Amino acid sequence: MQDTFKALERAERDSRHPLAEILDAVRFNADGLLPAIAQQHDSGEVLMMAWMNREALTETLRTGRVCYWSRSRSQLWRKGESSGQQQHLRAAALDCDGDTLLLQVDQTGPACHSGRRSCFYVALEGEEARITTAPLIDPDTLYGKA
């Protein structure tokens with residue numbers, strides 16, 4: 001498994017490798033999960049981090065609609081299935097160790113369940129935490145609770 005990514009360290013630019021071989025070498029954690037960072041493809045804004053199992057990763061690559069693994073519900077979670085705020089895959093890349101995934105996405109509306117564009121809105125500054133953005137959509141409205 002690790003040998004695959006070690007070999008890729010010396011791979012030539014634009015060389016091609018079978019996807020199945022790479023997916024077999026991905027270093028999922030003990031729970032079978034891989035951290036996936038979603039980044040807006042055109043602005044570079046980091047939107048969120050979630051988890052993927054192999055099935056979620058395969059579905060995302062196959063369909064172009066981002067799918068995660070919900071640890072709280074123990075099931076696949078297709079981003080936007082309850083909120084309508086979908087992520088469409090533009091590009092995907094594994095890190096050099098094969099244990100973290102970066103997704104370049106086209107995000108519809110807010111990515112965060114709080115109704116904010118990004119989940120990263122709590123800035124840690126000295127002795128305080130500061131909220132950096134306001135919700136774009138009220139979370140109750142976003143999830144149909146209102």
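Residues numbered from 1 in each chain as written. Predicted model: local features only at pLDDT ≥ 70, side-chain atom pairs only at ≥ 80, totals over all residues. Heavy atoms only, no water.

(A) Representation of the overall build of the chain within the structure. Within the chain, the regular secondary structure consists of 4 helices and 8 strands. Ordered by position from N to C terminus, the α and β elements of the chain give α-α-β-β-α-β-β-β-β-β-β-α. By its C-alpha atoms, the chain is 50 × 35 × 30 Å across when sized along the principal axes. Here the chain holds 146 residues, and the buried ones make up 34% of them. Long-range pairs, those at least 24 residues apart, make up 42% of the contacts in the chain with a sequence separation of at least 6. If you sum the accessible surface of the chain, you get close to 9000 Å²; carbon and sulfur atoms cover 49% of it. Distance from the positive charge centre (17 side chains) to the negative charge centre (21 side chains) of the chain: 4 Å. (Helix = DSSP H or I, 4+ residues; strand = E, 2+ residues; numbered from the N terminus. Buried < 20%, exposed > 50% of the residue type's maximum accessible area, 1.4 Å probe, protein only. Contact = heavy atoms within 4.5 Å. Areas by Shrake-Rupley, 256 points an atom, 1.4 Å probe, with all protein chains shown as cover. Lys, Arg positive; Asp, Glu negative; His and termini not counted. Charge placed at Lys NZ, Arg CZ, Asp CG, Glu CD.)

(B) Spatial organisation of the environment of Arg-73. Looking at where Arg-73 falls in the secondary structure, it is placed in the loop between strand 3 (67–70) and strand 4 (75–78). Here Arg-73 falls in the partly exposed class, since its relative accessible area comes to 44%. Along the sequence, Arg-73 and Thr-60 sit 13 residues apart, while their C-alpha atoms lie 19 Å from each other.

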